[in-house]
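Inside the fold
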Amino acid sequence: MDEIIKIDSVDRYNKIFGLETLHPLVSVVDLSRATTWPMRAWFNYGVYALFLKDVKCGNIKYGRQYYDYQDGTVVCFAPGQVADLEMLPDIQPAAHGLLFHPDLIRGTALGQEIRRYTFFSYETNEALHLSEEERRTVMDCLRKIEAELEHAIDKHSRRLITANIGLLLDYCMRFYERQFTTRCEVNKDIVIRFEQLLDNYFDGETPQQEGLPSVKYFADKVCLSANYFGDMIRRQTGQTASEYIQNKLIDRAKEALLSSDKTMSQIAYDLGFQYPQHFSRMFKRIAGCTPNEFRSKN
């Protein structure tokens, strides 16, 4: 493996690319001004980062696969993520970006909402593809943040900086929702595949061996991150991926209750529950009655 570089501050990132740091906790970067950069390195992010790519100047690899990262696309990283940066030879980097340390938003409204921006944990083939108008919106947000960084720090600085970062992230949320819509046909195929995978999971002995299925299990099967997969399922079906799985599980439970003489405990174990009480509580929450009451009524 190539060198692993820990990006534990915005200044650390700026020094790698020969850029100026105006604020210790946040930086708007323009890589066309970079004076130095590694040709190949693994970046271990300790900060939040968002990059808008201007031209094809390199590749970003997350895990085993490359990002769908071409001109005019956005990718994001959260603290704890590791990405492989591979620059093309003899080409100047060309991208705009925002980096901010978790300490900047601690105790702020943005800090309380940061988990809502699930795209920070999207992975391969999940970059945000922008229209020209959307790109101008992103650049306008970056310019407003940069203007605040160039302004003398006063009692309003932190609130205005975090508010503008939140505005940028809200726009990215809107653009991702638009992208889910424009990729509707592809996403429908994934929902169909999800349904097939659910049936296969419960048709075999996997529940007894692996327990209850997780969202990540199915996301991995369709080569998506759990966050992107969950957001896409919610957009397509109106249910979260967890709700979709639980409804399928209860449908299977109802079928077993009415078509066999197995006890509630046997059915619970067959479906992957470790404890029958857990099964009974979930069944009542979704079906409105206990498994035994359902069997008696029907």
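A few points on the structure. Every value quoted in this text rests on a predicted model; they were computed, and no experiment measured them. (Residues numbered from 1 in each chain as written. Predicted model: local features only at pLDDT ≥ 70, side-chain atom pairs only at ≥ 80, totals over all residues. Heavy atoms only, no water.)

Right, let's get into the overall build of the protein chain. Within the protein chain, the regular secondary structure consists of 13 helices and ten strands. Relative to all contacts within the protein chain whose residues are 6 or more apart in sequence, the contacts with residues 24 or more apart total 72%. For the protein chain, the distance from the average position of its 37 positive side-chain charges to the average position of its 41 negative side-chain charges is 4 Å. (Helix = DSSP H or I, 4+ residues; strand = E, 2+ residues; numbered from the N terminus. Contact = heavy atoms within 4.5 Å. Lys, Arg positive; Asp, Glu negative; His and termini not counted. Charge placed at Lys NZ, Arg CZ, Asp CG, Glu CD.)

With antiparallel pairing, the five strands of this open sheet are ordered in space as β2-β9-β4-β7-β10. A single partner strand is all that each edge strand has here, and the edge strands are β2 (26–30) and β10 (128–129). In the sheet, strand β7 (residues 73–77) pairs with β10 via two bridges, with the strands oriented antiparallel. The residue of β10 that forms the bridge with Thr-73 is His-129. Sheet strands in contact with helix α1 (residues 10–17) are β2, β4 (48–53) and β9 (95–100), and its direction is about 20° off that of β2. (Pairing = 2+ DSSP bridges. Axes fitted to C-alpha atoms, helices over the stretch in contact; angles between N-to-C directions.)

Here we take up helix α10 (residues 241–259). Its 19 residues place the ends of α10 27 Å apart at the C-alpha level, agreeing with the 27 Å of an ideal helix rising 1.5 Å per residue. The set of residues buried in α10 consists of Ala-241, Tyr-244, Ile-245, Lys-248, Leu-249, Ile-250, Arg-252, Ala-253 and Leu-257. Of the surrounding secondary structure, the elements contacted by the buried residues of α10 are α6 (184–203), α8 (215–221), α9 (226–237), α11 (264–271), α12 (276–287) and α13 (291–297). (Expected span 1.5 Å × (residues − 1). Buried < 20%, exposed > 50% of the residue type's maximum accessible area, 1.4 Å probe, protein only.)

The terminal C-alpha atoms of α6 lie 28 Å apart, and with 20 residues this matches the ideal 28 Å at 1.5 Å per residue to within 8%. Considered for burial, the residues of α6 that qualify are Asn-187, Ile-190, Val-191, Phe-194, Leu-197, Leu-198, Tyr-201 and Phe-202. Take α6 and look down its axis: the buried residues cluster within an arc of 125°, on one side only. Across from the buried face of α6, at angles greater than 90 degrees, the exposed residues are Glu-185, Asp-189 and Asp-203. Here the buried face of α6 lies against α5 (157–182), α7 (206–210), α8, α9, α10 and α11. (Arc of directions from axis to C-beta.)

What follows concerns the state of the cysteines. Taken as a whole and judged by the stated rule, the model has zero disulfides. The structure places no disulfide on Cys-141, whose sulfur is separated from the nearest cysteine sulfur, that of Cys-172, by 7.9 Å. Take Cys-141: its relative accessible area is 3%, and that puts it in the buried class. (Disulfide = S-S within 2.5 Å.)

Another aspect to go through is the side chain of Glu-134. By secondary structure assignment, the location of Glu-134 is in helix α4 (residues 132–150). A polar contact is formed between the side chain of Glu-134 and the side chain of Arg-178, at a distance of 2.7 Å. Apart from the residues within four sequence positions on either side, Glu-134 is in contact with His-129, Phe-175 and Arg-178. (Polar contact = N/O pair within 3.5 Å; in protein donor to acceptor, adjacent residues only side chain to side chain.)

Turning our eyes to something else, we now look at the pattern of salt bridges. Tallied over the full model, the rule gives 15 salt bridges. With its nearest N and O atoms 2.6 Å apart, the salt bridge here joins Glu-195 to Lys-248. Residue Glu-195 is located in helix α6, and its partner Lys-248 is located in helix α10; the two are separated by 53 residues in the primary sequence. The exposure class assigned to Lys-248 is buried, which follows from its relative accessible area of 14%. For Lys-216, the salt bridge is made with Asp-220, and the minimal N-O distance between the two is 2.9 Å. Linking Lys-216 with Asp-220, this pair stays in helix α8, spanning four residues, or about one helical turn. Counted as one network, the salt bridges with shared partners bring together Glu-195, Asp-199, Asp-203, Lys-248 and Arg-252. (Salt bridge = Lys/Arg side-chain N within 4 Å of Asp/Glu carboxyl O.)

Mapped onto the elements, Ile-286 comes out in helix α12. Residue contacts for Ile-286: discarding those within four places in its chain leaves Gln-246, Asn-247 and Ile-250.

A word on the environment of Ser-214. Within the secondary structure, Ser-214 sits in the loop between α7 and α8. The class of Ser-214 is partly exposed, set by a relative accessible area of 36%. Sequence separation of Ser-214 and Lys-188 is 26 residues, and the distance between their C-alpha atoms is 20 Å. Polar contacts involving the side chain of Ser-214 include one to the main-chain amide nitrogen of Tyr-217, which spans 3.1 Å.

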